[in-house]
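What follows is the residue order along each chain.
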Amino acid sequence: MSADVVFRGATAVLPGGTALADVAVTGGVIAAVGGPGTLNAAEVVDVRGRVLLPGAVDVHVHFRQPGFEHKEDFGTGSAAAACGGVTTVCDMPNTHPPVTSAERFRAKRDLVRGTSHVDFGLWAGGTDVAELAAMAGLGAVGVKVYLNRSHRDDDPYADELSTPDDETLRSVFRAGVDRALPVAVHVADHEREVVLRARLRAASTSDARLVCRSYRGDGVLDALARVLAAAADTGCRVHIAHASLAPVAALDLIAAARRSGVRVTAECGPPALLEDDLDRLGVFGVPFAFPADDAAAYWSALADGRVDLVATDHAPHSPADKAAGRADVWAAPPGYPGVETVLPLLVDAVLAGRLSWSRLAELTSAAPARLCGLAGKGTIAPGADADLVVVDPAASTTVDAARLHSRAGWSPFDGRRLAGAVVATYLRGREIARGGELLPGPPSGRFLTPEGRS
């Protein structure tokens, strides 16, 4: 056959495993996968000695638009994604104003359309069932709800995304069932979190470890149990956001729920920060730094399937925002920019023997695409979008925050040396990034809707 372009001779990570293969692309779609040297095209990209991955799908990013553009916007966030090998993102609704109505959903979609370098979907938020149905009709990939509440008194939208009680949560879950939407939950027990934070803050205003631990109190396990019970009662597809912010025992609760038939998935980012890093990072590592044993447990869960997928919770804050915690670590906002570093960190994990290439592709591409109903994404197979990432396993990468593309301008992994390197990123067969730099050209990312919806 003859195609537009053939990627020749890579170790391709395919649905059935890895194989030396040619991958042919026509019209931005994978036309065929064949043995090395068996496919022809007008253009041949020699990728022998390289690994060819499906483009990563990050279903949990905060690109901060509208309302917090001093932290990030779709232009900078999607540039970071592209340069890191992420070809699809799904943005969360806690913007300013939050996306809790069809009017706001439509306004956000129209605002960012044409500015993204990668394909994107949008999550809906809030607890108004009629508005959730309307946002589903506009193409929302799912619903995000929060069991915690804002700690800010000056935010007029503070609690629009929060669920005030378990019955409200169940009503959102029933809406999810009615509209075939997954519901992602930020699990917390707000009252107990407030008490725990006050106790730990009284012990120290400078120990970032205590801030990390405040997110993982026993109240989180009780809240998770209530979420899983509500999922069992309603039949909703429930997704546990950043499961690694719960105690490790949460893995057992989720596994038991699955065995009993609950439709539950869980995500975490790569557990690559250890509490020892906080000696250097302070608040810049909060809250995703782990004791070594917990980090090992989450790496194991990523490998064996107890955690379904990787999502970054890409949460860019300006250095000034984070540095506010130098006087009082409890004043710093949580999170860090992660969409550009997630795939390099996981490639390093594969080369260190923590994961297989196939498991990496499942965690970063196939499973996230399934969660959000993104047909044609997350796989190297005929008929899929030609979203491809070329990795050189023989190279190495040193994370350099000055070269990253998020407006945040910093990374907790700055200076870390990683095995392997993301060489190039292709979106629907067109190269959009090479060597960690965005290539010239207008943003070509498309707004995505779940399969079967307008």
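Keep in mind it's a predicted model, so treat the numbers as computed, not measured. (Residues numbered from 1 in each chain as written. Predicted model: local features only at pLDDT ≥ 70, side-chain atom pairs only at ≥ 80, totals over all residues. Heavy atoms only, no water.)

Asks: What should I look at first to understand the pairing of strand β1 (residues 2–14) in this one?
Replies: Regular strands place side chains that alternate from one sheet face to the opposite one. As defined by bridge partners, β1 adjoins strand β4 (residues 40–46) across 6 bridges and the pair is classed as parallel. Bridging across to β4, S2 finds its partner in N40. Pairing of β1 with strand β2 (residues 17–26) involves 8 bridges; the strand directions are antiparallel. Bridge pairing in β2 links A10 to A21. Linking β1 to β2, which pair antiparallel, is a turn of 2 residues. Pairing of β1 with strand β5 (residues 51–54), which is carried by 2 bridges, proceeds in the parallel orientation. Considered in β5, the bridge of T11 is made with V51. (Pairing = 2+ DSSP bridges. Helix = DSSP H or I, 4+ residues; strand = E, 2+ residues; numbered from the N terminus.)

Asks: Any chance you could explain the sheet that holds strand β14 (residues 309–310) here in plain terms?
Replies: Strand pairing in a sheet relies on backbone hydrogen bonds. The paired strands run either parallel or antiparallel. Within the open sheet, the 6 strands sit side by side as β9-β10-β11-β12-β13-β14. Their pairing is parallel. Strands at the two margins of the open sheet, each flanked by one partner only, are β9 (124–125) and β14. Of the strand pairs in this sheet, strand β12 (residues 238–240) and strand β13 (residues 264–268) are connected by 3 bridges, and their pairing is parallel. When the bridges of β13 are listed, H239 appears paired with T265. Where helix α4 (residues 166–178) meets the sheet, it contacts β10 (143–146), β11 (183–186) and β12, and its direction lies at approximately 155° from that of β11. (Contact = heavy atoms within 4.5 Å. Axes fitted to C-alpha atoms, helices over the stretch in contact; angles between N-to-C directions.)

Asks: What am I meant to see in helix α12 (residues 342–351) here?
Replies: Because an α-helix completes one turn every 3.6 residues, residues spaced three or four positions apart along the sequence face the same direction. Of all the 10 residues making up α12, 8 are buried; the element is thus mostly covered by neighbouring parts of the structure. Remark: G353 follows α12 within two positions and exhibits a positive phi of approximately 90°. (Buried < 20%, exposed > 50% of the residue type's maximum accessible area, 1.4 Å probe, protein only.)

Asks: Honestly, the packing of helix α7 (residues 218–234) against helix α8 (residues 250–259) in this entry has me stumped. Any pointers?
Replies: Packed helices, taken two at a time, are described by the angle between their axes plus the distance between the axes. Relative orientation of the contacting elements α7 and α8 amounts to 15°, with a least axis distance of 10 Å. The orientation of α7 relative to α8 falls into the category roughly parallel. Handedness of the crossing formed by α7 with α8: right-handed. Side by side, α7 and α8 meet where L221, L224 and L228 of the first sit next to A250, L253, I254 and A257 of the second. (Parallel < 35°, antiparallel > 145°, perpendicular 65-115°, else oblique. Left-handed = near helix turned anticlockwise from the far one by under 90°.)

Asks: Please explain helix α3 (residues 129–137) as it appears in this structure.
Replies: For α3, the full list of buried residues reads L132, M135 and A136. The buried side chains of α3 occupy one side of the element, clustering within an arc of 105° when seen end-on. A distance of 3.1 Å separates the backbone nitrogen of A130 from a side-chain oxygen at the start of α3, and that oxygen is part of D128. (Arc of directions from axis to C-beta. Polar contact = N/O pair within 3.5 Å; in protein donor to acceptor, adjacent residues only side chain to side chain.)

Asks: Would you mind going over the packing of aromatic side chains with me for this structure?
Replies: Geometry of an aromatic ring pair is reported as the spacing of the ring centres plus the angle between the planes. Summed over the entire model, instances satisfying the criterion amount to 9 aromatic pairs. Here F288 and Y336 contribute two aromatic rings whose centre-to-centre distance is 6.1 Å and whose plane-to-plane angle is 85°, an arrangement assigned as edge-to-face. In this pair, F288 sits in the loop between α9 (278–281) and α10 (292–304) while Y336 sits in the loop between α11 (319–323) and α12, placing the two residues 48 residues apart along the sequence. Classification of F288 as buried rests on a relative accessible area of 11%. With relative accessibility at 9%, the residue Y336 sits in the buried group. (Phe/Tyr/Trp six-rings, centres within 6.5 Å; stacked < 30°, edge-to-face > 60°.)

Asks: Whenever I open this one, the side chain of S244 confuses me. Can you help?
Replies: By secondary structure assignment, the location of S244 is in the loop between β12 and α8. Leaving out residues up to four positions away in the same chain, S244 has contacts with R216, E267, C268, G269, F288, F290 and Y298.

Asks: What exactly am I supposed to notice about the side chain of K108 here?
Replies: Relative to the assigned elements, K108 resides in helix α2 (residues 102–112). When sequence neighbours within four positions are dropped, the list of residues in contact with K108 reads Q65, P66, F74, D91, M92, P93, T95, V99 and L122.

Asks: Sorry, what's going on with the sheet that holds strand β8 (residues 119–122) here?
Replies: In space, the 3 strands of this open sheet follow the order β6-β7-β8, with parallel pairing throughout. The open sheet is flanked by β6 (56–61) and β8, the only strands paired with a single partner. Across this sheet, the average inter-strand angle for adjacent strands is 20°, counted without regard to direction. Here strand β7 (residues 86–91) runs beside β8; their pairing, made up of 4 bridges, is parallel. Residue pairing for β8: C90 is matched across the bridge by G121.

Asks: Any chance you could explain the pattern of salt bridges here in plain terms?
Replies: Two side chains carrying opposite charge are able to pair once their charged atoms lie near each other. If you walk through the whole model with that rule in mind, you get 29 salt bridges. Several salt bridges converge on common partners, so that one network encompasses D119, K377, D385, D387 and R428. (Salt bridge = Lys/Arg side-chain N within 4 Å of Asp/Glu carboxyl O.)

Asks: Can you walk me through the pairing of strand β3 (residues 29–34) in this structure?
Replies: Where β2 meets β3, 5 bridges bridge the pair, whose relative direction is antiparallel. Paired with V23 across the two strands is V33, which belongs to β3. Hairpin connection from β2 to β3: 2 residues lie between these consecutive antiparallel strands, with G27 at a positive phi of about 60°.

Geometry only, nothing functional implied.
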